[in-house]
Structure formats: structure tokens, C-alpha cells
Amino acid sequence: QVQLVESGGGLVQPGGSLRLSCAASGSLFSINVMGWYRQAPGKQRELVAAIWSGDSTNYADSVKGRFTISRDNAKNTVYLQMNSLKPEDTAVYYCNAEWRVGPTSPNFRSWGQGTQVTVSS
């Protein structure tokens, strides 16, 4: 089983920046994709950004140009740099990873515990 541990959330003023980190640990062969989702009160969880093993990325339209996802494959860690934060970015942010235990194994998914991001003056 792979565990994901997030860090970096907090309270920030509008226009500010935060950097989230998510480290994967456990017995795994490879990580196919890592991503960040968020869930605001009363809303469904939504994809914020994802990055594949070849470094291709995908972003929600609402964060394009403001957020940047990156990964360190050697550390099995994914980062989310969030700039120009807005009050509507307030949510619990969850890390997600799709991984395998061998070259021909099925894919598995894990979720982090979530980290609160609050954008408010």
C-alpha cells in the first residue's frame, strides 16, 4: 500500500502564494500520474492539476496561468505552486497518485488526507 502525505496548506491573503507538497511512500514499482484535487464546502471534488510520468501536465481552466504542478521522481513527490490566489481557491486540497507494484500489475490509486487552503483577507 502506498501512503501519500501532504503538507504546505494554510491561510494566505488574496494575491498571495502557497506551495503544496505530497510525498508517496511504500512498496511501489512506478507512479503513472500524480495530481491535486480540491473540494470546497458544498461542492464536488474537482481536479486541479495532474502530471504524468513523462512530465505532461493538465490543469483546470480556473487555475491555468496561476498554478504550476511539478514532480521529483527520485523522491516520489509532487508539488503544486499556487500563485495569485483568490478566495475561490479556498478548499481542502487532496493529493492523488496512480501507481503499480510491478511492470505488468494493475493500477492502484491512493489519496492523501487533505490539507486546508484558505484565501482570505
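The residue numbering used here restarts from 1 in each chain and proceeds along that chain's sequence as written. Given that this is a predicted model, residues contribute local features only at a pLDDT of at least 70 and side-chain atom pairs are listed and counted only at 80 or more, while totals for whole chains, interfaces and linings are drawn from all residues. As a convention, hydrogens and water are excluded, and side-chain values are obtained from all of the structure's heavy atoms.

Undergrad: How would you explain the sheet that holds strand β7 (residues 67–72) if you had to name every residue and give the values?
TA: Two strands qualify as a pair provided DSSP detects at least 2 bridges between them. Secondary structure elements follow DSSP: runs of H or I of four or more residues count as helices, runs of E of two or more count as strands, with numbering from the N terminus. Read from one edge to the other, the open sheet built from 4 strands follows the order β1-β3-β8-β7, with strand pairing classed as antiparallel. Each having just a single partner strand, β1 (3–7) and β7 make up the two edges of the open sheet. Between one strand and the next, the sheet's axes are offset by a mean angle of 15°, whatever the strand orientation. Summarising the sheet, β7 and strand β8 (residues 77–82) pair through 6 bridges and their orientation is antiparallel. Following the sheet pairing, F67 is matched in β8 by M82. The convention used is that axes are lines fitted to C-alpha atoms, helices contributing only their stretch in contact, and that angles between N-to-C directions extend from 0 to 180 degrees.

Undergrad: Could you give an account of the packing of aromatic side chains, naming the residues involved and the relevant values?
TA: Between 30 and 60 degrees the pair is tilted, below 30 it is stacked and above 60 it is edge-to-face, where a pair is any two Phe, Tyr or Trp rings, Trp via its six-membered ring, whose centres lie within 6.5 Å. Going through the model one piece at a time under the given rule, you end up with 3 aromatic pairs. Every member of this aromatic cluster is reached through a ring pair, and the members are Y37, Y94 and W111. Between R45 and the ring centre of Y94, over which it is positioned, the NZ or CZ distance is 3.7 Å. Above the face of the W111 ring, R45 is positioned so that its terminal group lies 4.6 Å from the ring centre. Sitting over a ring, as applied to charges here, requires NZ of Lys or CZ of Arg to be within 6 Å of the ring centre and within 35 degrees of the ring normal.

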